[in-house]
Amino acid sequence: MSARAAVGAQRPSAAGGWLGWLRRPRTGGLVLLGLILLILPFLLPNRFYVSVAVLVGINALAVVGLNLLVGYAGQISLGHAGFFGLGAYACGILPTHLGVPPLLAPVIGVVVVAGIAFVVGRPILRLKGHYLAMATLGFGLLVSLLIGNERELTGGPDGMQVERLVIFGTRLRQAETWYWIVAVCLFLGVWVALNLMDSPTGRALRALHDSEVGARVNGVDVAAYKLLVFVISAIYAGLAGALNALYAGLITPDLAGFLRSVEFVTMVVLGGMGSTFGSLVGAAILTSLPQLLTVLHEYEQVVLGLILMACMIFLPKGVVPTLAQRLRRERRP
Amino acid sequence: MILELENLGMRFGGVKAVDGLSYAIERGKVHAIIGPNGAGKTTLFNMVTGIYRPTAGRIRFDGEDVTGMPPEELARRGMCRTFQNLQIFEQMTALENVMVGRHLHEDRNILDHVFRLPRLRASEAASRARALELLEVVGLAELADQPAGALPYGAMKRLEIARALAAEPKLLLLDEPAAGCNATETREIDEVIRGLPRRGVTVGLIEHDMPLVMNLSDHILVLDYGRKLAEGKAAEIRRNPDVIAAYLGTHGQEAVAHA
Amino acid sequence: MLGEFLQFLFSGLTVGAVYALVALGFTLIFNASHVVNFAQGEFVMLGGMTTVFLGYAGLPLLLAAPLAIVITALVGAALYKLAIAPARGATVVTLIIITIGASIFLRGIAQLVFDKEFHRLPGFSGDDPILILGAALLPQSLWVLGFTLITVLGLFLFFNRTTLGKAVLATSINRLAAQLVGLNVDAILLLSFALSAAIGALGGILITPITLTSYDAGTMLALKGFAAAILGGFGSPFGAVLGGLIVGLAEALTAGYLSSAYKDAVGFLIILVVLFFMPRGLMGTASVERV
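Residues numbered from 1 in each chain as written. Chains lettered and ligands numbered in written order. Predicted model: local features only at pLDDT ≥ 70, side-chain atom pairs only at ≥ 80, totals over all residues. Heavy atoms only, no water.

Caption draft 1: Main features of the sheet that holds strand β3 (residues 30–34) of chain B. Residues and elements named next belong to chain B. One open sheet holds the six strands; their spatial order is β6-β7-β8-β3-β9-β10, and the pairing between them is mixed. A single partner strand is all that each edge strand has here, and the edge strands are β6 (79–81) and β10 (227–232). Recorded for the sheet is a direction-independent mean angle of 20 degrees between the axes of neighbouring strands. Direction of pairing for β3 relative to strand β9 (residues 219–224): parallel, over a ladder of four bridges. By the bridge assignment for β9, I33 is matched with L221. Packed onto the sheet, helix α6 (residues 153–166) meets β6 and β7 (171–175) and runs at close to 160 degrees relative to β7. (Pairing = 2+ DSSP bridges. Helix = DSSP H or I, 4+ residues; strand = E, 2+ residues; numbered from the N terminus. Axes fitted to C-alpha atoms, helices over the stretch in contact; angles between N-to-C directions. Contact = heavy atoms within 4.5 Å.)

Caption draft 2: Main features of the interface of chain B and chain A. Chain B puts 39 residues into the contact, and the matching count from chain A is 33 residues. Roughly 3,000 Å² of surface becomes buried between chain B and chain A when both sides are summed, with 58% attributable to carbon and sulfur atoms. Our enumeration of links across chain B and chain A arrives at five salt bridges. Here E96 of chain B ties to R206 of chain A by a salt bridge, and the two come within 3.1 Å at their closest N and O atoms. Remark: the boundary between chain B and chain A carries twelve residue pairs in polar contact (both at pLDDT 80 or more). Of all the elements in the fold, those that place two or more residues in the side of chain B that touches chain A are α2 (71–76), β6, α3 (94–101), α4 (110–115), α5 (118–137) and α6 of chain B. For the side of chain B that touches chain A, the element with the most residues is α3 of chain B, which contributes five residues. Class assignment of the residues belonging to the side of chain B that touches chain A gives a composition of 20 nonpolar, six polar and 13 charged. (Buried area = accessible area lost by both parts, 1.4 Å probe. Salt bridge = Lys/Arg side-chain N within 4 Å of Asp/Glu carboxyl O. Polar contact = N/O pair within 3.5 Å; in protein donor to acceptor, adjacent residues only side chain to side chain. Nonpolar A, V, L, I, M, F, W, Y, C, P; charged D, E, K, R; others polar.)

Caption draft 3: Representation of empty space enclosed by the protein within the structure. Applying the stated criterion across every chain yields a total of seven cavities of 30 Å³ or more. Considering only enclosed or pocket space, the largest cavity measures out at about 70 Å³ in volume. For the lining of the largest cavity, the secondary structure elements donating two or more residues are α7 (129–149) of chain A together with α4 (92–113) and α9 (218–232) of chain C. Among the elements that line the lining of the largest cavity, the one with the most residues is α9 of chain C, at four residues. One number sums up the size of the second largest cavity: a volume of about 50 Å³. If you trace the second largest cavity, you find it lined by L3, L5, Y23, I25, I33, L44, F45, V48 and L173 of chain B. (1 Å grid on protein atoms, 1.4 Å probe; cavity = no way out; pocket = protein on both sides within 12 Å on 5 of 7 lines; lining within 4 Å. Points joined across faces, edges and corners; volume = space filled by probe spheres on them.)

Caption draft 4: Region of interest: the pairing of β3 of chain B. Residue and element names in this part refer to chain B. Across the five residues of β3, five count as buried, placing the element largely inside the fold. Every second residue of β3 is oriented toward a common face, with V30, A32 and I34 on one face and H31 and I33 on the other, all of them buried. Taken together, the four bridges between β3 and strand β8 (residues 202–206) define a ladder with parallel strand orientation. Note that in β8 the partner of A32 across the bridge is L205. (Buried < 20%, exposed > 50% of the residue type's maximum accessible area, 1.4 Å probe, protein only.)

Caption draft 5: Focus on the packing of aromatic side chains. Tallied over the entire structure, the rule returns 17 aromatic pairs over all chains. Their ring planes at 50 degrees and their centres at 6.3 Å tell us that W191 of chain A and F115 of chain B sit as a pair that is tilted. Of this pair, W191 of chain A sits in helix α9 (residues 175–197) while F115 of chain B sits in helix α4, on two different chains. Its relative accessible area of 27% is what places W191 of chain A among the partly exposed residues. The partly exposed category is assigned to F115 of chain B, whose relative accessible area is 44%. Taken together, the aromatic side chains of F83, F139 and F230 of chain A make up a single cluster linked through ring pairs. When the ring centre of F89 of chain B is taken as reference, the NZ or CZ atom of R163 of chain B above it lies at 4.5 Å. (Phe/Tyr/Trp six-rings, centres within 6.5 Å; stacked < 30°, edge-to-face > 60°. Lys NZ or Arg CZ within 6 Å of the ring centre and 35° of its normal.)

What follows is the structure, encoded as structure tokens:
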């Protein structure tokens, strides 16, 4: 849902009152999302589908964040799974090796991820285009290399167990419980993302996407904003990784791997760059299909590659914005 | 003097694009910079607006030495510019483009944005209102919700001016605002520029359109091969034989005589 | 001591030569089309894997290798025709994503057509190491270095002495001008991709006897080849070779004296160091953004 549509819909000519408020793409979309999240568990036939939904939610959270960086601000990150993996392994390492209470681990993990993103982002974001892509690729590979090699800390290539959260005496293990936790996080994440993009920050990011020098001469501190959106998107990914770890109970280095980074980028591209709701759709499609059609597993890379190429050539705006554009065109006489 | 250039120079490798240039722009006036292609005009602008770092000389803005400061710092001090090749935000609407111009005067606190606090809503409403006003001034109000990339060329040029004005600059530098515009569009831009000193904006402009320059400027600087060839009021420059020889040629002489 | 050092030197130069070939591929395509082809590493992988499997199907190396090169060259041409050409005028980010997509796609196909195992080829002249000053030099290393040298010289002659090569150079300097003088730019780009793929495939065949290969070997090779290309100065063929050798040496010395687990990180670190401290690389040319 582009901020542009949101601005357009706030003109005085829109219907007034409650209905008008609901008609605005941003609030309408949020309400719809909330309804879907509330109703979905009752529509799913069994626990397997609920667990798929949890995974969709986790990936969607990471992708909403990545979309801010790639879709709105026009940067590129081929190593975002590195932050995802760092968030996950924080939840593994901190309680197991440092005695941190499991409830605190995700919080510390996200803070650490943000810190790393800040330190790494500053120099890396001075690069553009291919150089930025390669640098982020290298970052992601470095993280998964580290995770894979430091056996004592991370269990190496075989992965490690993650201590579960215990709240009021119950260990949080069930897919149903995690569905609600992830749904709340996702809803808040989407709300924050939409608010950010429909604000001076969002305009500054979209401006620097189109013309960095044009933004700078109007006072936009482009370097600072790039770093800001990089850190924010890292936080989303780190949080998603943490949720993944706490839900699954077992983590492996491929959570930070190149393939996962590409999966995230594909979800952004498919759903629609610069569309938060599009990211949800992209995540939903690309997470659930391999889960539901296990025969596709062998073909995953082929399909991912095809989607990336086909999308960029034929559907550069992605699924949701293209549909939105078609609908808008049909509405006009 | 709002802008003082002292012995400014720019080298690219062995080429001196600008050499030993000293000039001053007076507050509240319209100054024009003219010269043949390649004379160094845009390079000069790029130096003044922080896109290039001068290899020699100093720049003083409002009394402060701003040599080598980046564009965003200069914008904060009240200097804004438009571009010869347009640096419009094509994916954003015309309205949003102008709102970006207002960036420095908006609520930039990210927490306000994340939680959509009342302070932000007020800032957004004010921004939108001001942006619409400015679009009116440049005659683009009906196109407010169009994607900027879809606008006609002349409209884009005016949009960039509106965006620059949204920053409420003390000094506005326009790089060939009338380039590629037809007679009507040029007239519209002329009107906009004329109104600026009244709003407290000093104007520096690079232009090739001689009638526009002669009628609009209070003072003119002529560049040739990166050096100052002449400076003075419009009437003096018209008659200056060096200027005519270097730049205007025979066709130009006629254009000047009829301007 | 000396023996150990020489050992690392040999292996570093050998693998560096392959990185040089990857870097040459990057440079060739970038020079012609201003696209950085992330799928470059997959060409190397395809060269090696195709040769291996053609061998399993009964073909002798002398037939399998050239056939594999031709097949990979066709893949390169297909990449251009089907994925790059249709996206004409796209932004840098779009092109990056397209070539990443191509890279993943090729990996996926390789996984299906071949398998997920590691594979090896026998050394061209046997696998018995030659002992020099206490270091074991694999005869395959000599093949690698030799072929790389021939390829570099061949490319040099091609670009500087043949009309077609000069046409490619002309296209890279100014595409519009090249079109205006009647050069078939599309065909030239097609050729560049095919040639680049062939060079990559050659590198893959040369190195498989030493380092083995598998369907996912491409990504790391692309990263290291890119490091080599930017170290040498993007766009400079001799820079690509120099960069490749330096990266290979740095990696081998790191693996030998510091830590073999993190030797892959060397390429990444080189990328960062070059981009932050000498973005033009060792032999590249500067460019100024004109506003």
